[in-house]
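# Tertiary structure, described
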Amino acid sequence: MPEELRRIIPAPPPPADIFATYQLAHEFQREAQHRQELERYCEWYYLTAKRHRNELQRMQGDINLFGWFCRRKSQ
């Protein structure tokens, strides 16, 4: 290639550098998506556990009909 063209046309970057940059960006996006999904799951899990604890507390205050029926049969 003549010297005049070398000054006008820049040399293309090495393919390995392009691939490494793409791979790094892809891994970062995957990690960010994974963390968002984990955060949503943890939020859902804690809300569900809280709801179940509240339901259990309400159920413990209810009359034990099953136990009442079982005692009636054995007497």
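Owing to the predicted nature of the structure, the values given are computational and were not obtained by experimental measurement. (Residues numbered from 1 in each chain as written. Predicted model: local features only at pLDDT ≥ 70, side-chain atom pairs only at ≥ 80, totals over all residues. Heavy atoms only, no water.)

## What to know about the overall build of the protein
The line we're drawing: Secondary structure follows DSSP: runs of H or I at least 4 residues long count as helices, runs of E at least 2 residues long count as strands, and numbering of each begins at the N terminus. When a residue's accessible area, from a 1.4 Å probe over protein chains only, is under 20% of the maximum for its type it is buried; when over 50% it is exposed; and in between it is partly exposed. For the area figures, the Shrake-Rupley method with a 1.4 Å probe applies, and any residue is considered shielded solely by the protein chains shown.
Counting secondary structure elements, the protein contains three helices and zero strands. Relative to its full complement of 75 residues, the protein shows a buried share of 3%. Looking at the protein as shown, the accessible area adds up to about 7900 Å², and 60% of this sits on carbon and sulfur atoms.

## A short note on the packing of aromatic side chains
Note on aromatic pairs: each is described by the distance of the centres and the angle between the planes. Which entries qualify depends on this criterion: The criterion for an aromatic pair is that two Phe, Tyr or Trp rings (for Trp, the six-membered ring) have centres within 6.5 Å, with stacked assigned to planes under 30 degrees apart, edge-to-face to planes over 60 apart and tilted to the rest.
Across all of its chains, the model carries three aromatic pairs by this definition. Centroid distance Tyr41 to Trp44: 5.7 Å. Interplanar angle 35 degrees. Geometry classified as tilted. Note that Tyr41 and Trp44 are positioned in helix α2 (residues 15–60) at a spacing of three residues, about one turn of the helix. Residue classification places Trp44 among the partly exposed positions, given a relative accessible area of 48%. When the centroid spacing of 6.1 Å and the interplanar angle of 35 degrees are considered together, the rings of Tyr41 and Tyr45 count as tilted. Linking Tyr41 with Tyr45, this pair stays in helix α2, spanning four residues, or about one helical turn. A connected cluster of aromatic rings, assembled from ring pairs, spans Tyr41, Trp44, Tyr45 and Tyr46.

## Notes on the pattern of salt bridges
Pairing is possible between side chains of opposite charge, provided their charged atoms come close. Cut-off, in case you're wondering: Any Lys or Arg side-chain nitrogen found within 4 Å of a carboxyl oxygen on Asp or Glu counts as a salt bridge.
Per the stated rule, a full pass over the model turns up one salt bridge. Its salt-bridge partner being Glu31, residue Arg35 comes within 2.8 Å of it at the nearest N-O pair. Residue Arg35 and its partner Glu31 are both found in helix α2; the two are separated by four residues, about one turn of the helix.

## Side note on the confidence of the model for the protein
Rule in force here: Think of pLDDT as the predictor's per-residue confidence, scored from 0 to 100.
Residues at a pLDDT of 70 or more form 85% of the protein, whose mean pLDDT is 84. The secondary-structure element of the protein with the lowest mean pLDDT is helix α1 (residues 3–8), recorded at 69, while α2 shows the highest, at 93.

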